[in-house]
Amino acid sequence: MKESPTLGIVVPCYNEEAVIGETISQLSKIMKEMMDEGLVSQASFLMFVNDGSRDRTWELIEENRKSNPLVSGVKLSGNVGHQNALLAGLMTAKELADCVISIDADLQDDVKAIREFVVKYKEEGCEIVYGVRQSRKTDTFFKRTTAQGFYRFMDRMGVKVTYNHADYRLMSKRALHELERFKEVNLFLRGIVPMIGFKTGIVFYDRLDRFAGESKYPLPKMLAFAFEGITSLSVRPIRFVTLMGFGLSLVSLFAVIYAVASKLLGNTVSGWTSLILSVWFLGGVQLLALGLIGEYIGKIYKEVKRRPLYIVDRLLLPESLPQREAD
Ligand code: UDP
Ligand code: MG
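Residues numbered from 1 in each chain as written. Chains lettered and ligands numbered in written order. Predicted model: local features only at pLDDT ≥ 70, side-chain atom pairs only at ≥ 80, totals over all residues.

- If you look the protein chain up in an unreviewed UniProt entry, it shows as Glycosyltransferase family 2 protein from Paenibacillus mendelii.
- Under the heading Subcellular location (unreviewed entry), UniProt records this for the protein chain: "Membrane". (UniProt positions renumbered as here; feature names shortened; annotations may be inferred.)

Structure representation (structure tokens):
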């Protein structure tokens with residue numbers, strides 16, 4: 001069994017003023033309990049990443065920090081999205097902690113699982129522990145079915161994802177250092193983390209309702225996220241298009257032979273309908289193929305630019321450490 005590890009809990013926050021206070025108090029309570037029991041070290045901390053919120057989220061983080069030594073914060077210079085904000089938090093926290101847990105700000109993922117995450121890390125030596133939703137009772141029927149469809153589709157496309165696992169997980173310092181070596185710009189952490197390997201574990205929990213505030217993932221954003229996940233981790237769609245093009249060429253070859261033969265035999269028909277249909281169909285297929293190719297080229301374009309994924313504006317380190325401004 002390992003010594004009491006230093007735990008960092010990373011929370012990406014975007015316009016979460018309605019929940020942040022409650023989140024801080026619930027997480028602090030659990031953290032203090034774990035510290036008292038000696039499950040985690042006294043240097044453990046909570047790290048809130050403010051992803052360019054337009055409300056009072058950051059002010060509330062700063063305010064809470066004055067009275068609560070567990071609270072630390074990273075203020076990003078603008079909104080970079082959930083995945084990038086999470087990465088910013090993970091990369092900052094890994095320098096200060098032995099293991100890091102990521103959790104959403106809205107308390108939808110049951111905080112009770114945190115303790116089990118740590119136990120798996122400490123006693124079983126798991127480097128990555130996935131939080132898996134046991135039930136999605138609180139999710140709408142629509143969200144549930146689309147999510148299931150998404151996991152199945154990802155599977156088909158050859159992307160390894162853990163079913164019903166979002167970004168609620170524990171990662172060891174070592175796993176985080178390996179994560180840092182994945183230089184992806186099109187970030188889909190759920191697809192990348194399983195590639196790291198090492199010993200993994202699973203903790204089941206019940207998904208709850210959002211404590212307050214609104215989901216920052218309306219349907220269009222959810223679809224974009226799913227699309228991003230597929231195209232940034234799998235080349236199967238493009239291979240599918242190639243195969244389809246190949247199959248269609250074969251079919252048209254037979255069609256040509258058939259047409260020529262009919263002509264030679266003298267029984268030509270006025271095949272206007274089939275002609276116009278095939279023109280439209282092929283045009284459609286070509287457009288689809290072009291679009292997909294464009295999609296991948298766009299991704300390559302983004303990757304080769306190597307832009308930073310986030311920019312830190314201010315850093316409020318845990319109380320126990322000397323303060324410094326981001327450079
Ligand atoms: N989030 C973020 N940046 C964004 C959008 C969301 O940091 O641009 C955070 C948000 O504050 C929350 C988490 O990502 O902590 C998940 O968002 P949300 O709960 O709205 O998504 P849902 O659970 O509805 O999928
Ligand atoms: Mg949520």
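Resuming the write-up.
### Quick notes on the overall build of the protein chain
In step 1: From N to C terminus, the protein chain includes 10 helices and 8 strands.
In step 2: Overall, the protein chain is about 95 × 40 × 35 Å in size when its C-alpha atoms are taken along their principal axes.
In step 3: Per-residue burial for the protein chain yields a buried fraction of 30% across its 327 residues.
In step 4: Restricting the contact set of the protein chain to residue pairs at least 6 apart, pairs at least 24 apart contribute 83%. (Helix = DSSP H or I, 4+ residues; strand = E, 2+ residues; numbered from the N terminus. Buried ≥ 20, exposed ≤ 12 C-beta atoms within 10 Å, placed from the backbone. Contact = placed C-beta atoms within 7 Å.)

### Points about the sheet that holds strand E5 (residues 128-135)
Two orientations exist for strands paired in a sheet by backbone hydrogen bonds: parallel and antiparallel.
In step 1: Taken in spatial order, the 8 strands make up an open sheet running E7-E5-E6-E4-E1-E2-E3-E8, and their pairing is mixed. Two strands lie at the open edges of the sheet, namely strand E7 (200-206) and strand E8 (312-316), each paired on one side alone. Shown here is a sheet whose adjacent strand axes are inclined to one another by a mean of 20 degrees, direction ignored.
In step 2: Taken together, the 6 bridges between strand E1 (residues 7-13) and strand E2 (residues 45-50) define a ladder with parallel strand orientation. When the bridges of E2 are listed, glycine 8 appears paired with phenylalanine 45.
In step 3: With respect to the sheet, helix H2 (residues 57-67) is in contact with E1, E2, strand E3 (71-76) and E8, its orientation differing from that of E3 by roughly 155 degrees.
In step 4: Packing of helix H4 (residues 113-124) onto the sheet brings it into contact with E1, strand E4 (99-102), E5, strand E6 (169-172) and E7, and relative to E7 it is tilted by some 165 degrees. (Pairing = 2+ DSSP bridges. Axes fitted to C-alpha atoms, helices over the stretch in contact; angles between N-to-C directions.)

### Concerning the UniProt feature "transmembrane region" (unreviewed entry) in the protein chain
In step 1: Here the UniProt-annotated "transmembrane region" (unreviewed entry) positions come out as residues 240-260 and 272-297.
In step 2: Annotated as residues 240-260, this span is 100% helix and 0% strand, and its ends, taken at the C-alpha atoms, are 30 Å apart.

### Quick notes on the environment of glutamate 295
In step 1: Tracing the chain through its elements places glutamate 295 in helix H10 (residues 272-305).
In step 2: Take glutamate 295: there are 13 C-beta atoms within 10 Å of it, and that puts it in the partly exposed class.
In step 3: C-alpha of glutamate 295 to C-alpha of isoleucine 238: the two residues are 57 residues apart in sequence and 9.7 Å apart in space.

### Side note on helix H9 (residues 236-265)
Every α-helix winds through 3.6 residues per turn, so residues three or four apart in the chain are directed the same way.
In step 1: The end-to-end C-alpha distance of H9, which contains 30 residues, comes to 43 Å, matching closely the 44 Å that a straight helix rising 1.5 Å per residue would cover.
In step 2: Where burial is concerned, little of H9 is hidden: 0 out of the 30 residues are buried.
In step 3: Glycine 266 occupies a position one or two residues after H9 and carries a positive phi of about 85 degrees. (Expected span 1.5 Å × (residues − 1).)

### Quick word on the packing of helix H1 (residues 20-37) against H2
In step 1: Interaxial distance between H1 and H2 falls to 10 Å at its minimum, and their mutual angle equals 35 degrees. For the element pair H1 and H2, the recorded crossing hand is right-handed. Taken together, the residues of H2 that come into contact with H1 (itself represented by Ile20, Gly21 and Ile24) are Thr57, Leu60, Ile61 and Asn64.
In step 2: Residues that form the contact of H1 with H2 fall into these classes: 4 nonpolar, 3 polar and no charged. (Left-handed = near helix turned anticlockwise from the far one by under 90°. Nonpolar A, V, L, I, M, F, W, Y, C, P; charged D, E, K, R; others polar.)

### Examining the environment of serine 4
In step 1: Within the element layout of this structure, serine 4 appears in the segment before E1.
In step 2: It is 5.1 Å that separates the C-alpha atoms of serine 4 and serine 41, two residues lying 37 residues apart in sequence.
In step 3: Excluding residues within four positions of it along the chain, serine 4 makes contact with Gly38, Leu39, Val40 and Ser41.

### Overview of the site of ligand 1
In step 1: Lining the immediate environment of ligand 1, one finds 16 residues, of which Pro12, Tyr14, Ala105, Ser215 and Lys216 sit closest.
In step 2: Of all the secondary-structure elements, those providing two or more residues to the shell around ligand 1 are E1 and helix H3 (82-93). (Near = placed C-beta within 6 Å.)

### So, the nonpolar core
In step 1: Membership of the largest hydrophobic core comes to 62 residues, with the highest contact counts inside it found for Leu46 and Val49.
In step 2: The element that contributes the greatest number of residues to this core is H3, accounting for 6 residues.
In step 3: Not counting the four nearest positions on each side in its chain, leucine 46 is found in contact with Ile9, Val11, Ile24, Leu27, Ser28, Met31, Leu70, Val71 and Ser72. (Core = buried A, V, L, I, M, F, W, Y, C linked by C-beta atoms within 7 Å.)

### With respect to unusual backbone geometry
In step 1: The backbone phi angle of asparagine 15 is positive, close to 50 degrees, even though this residue is not glycine.
In step 2: Along the chain, the position of asparagine 15 falls in the loop between E1 and H1.
In step 3: Its identity is not glycine, yet phenylalanine 198 carries a phi of approximately 65 degrees, on the positive side.

### Notes on helix H8 (residues 219-233)
In step 1: In this model H8 runs 21 Å from its N-terminal to its C-terminal C-alpha over 15 residues, within 8% of the 21 Å that 1.5 Å per residue would give.
In step 2: Taken residue by residue, H8 has Gly229, Ile230, Thr231 and Leu233 as its buried positions.

### Some points on the pairing of E3
In step 1: Where burial is concerned, most of E3 is hidden: 6 out of the 6 residues are buried.
In step 2: Because side chains alternate across E3, one face comprises the buried residues Val71, Gly73 and Lys75, and the other comprises Ser72, Val74 and Leu76, equally buried.
In step 3: In this sheet, E3 lies alongside E2 in parallel orientation, the contact comprising 5 bridges. In the sheet register, phenylalanine 48 faces E3, and the bridge partner there is glycine 73.
In step 4: The handedness of the E2 to E3 crossover, carried by H2, is right-handed.
In step 5: Pairing analysis gives 4 bridges linking E3 to E8, with the strands arranged antiparallel. Looking at E8, one finds that glycine 73 is bridged to leucine 316. (Right-handed = clockwise from strand over helix to strand, strands pointing away.)

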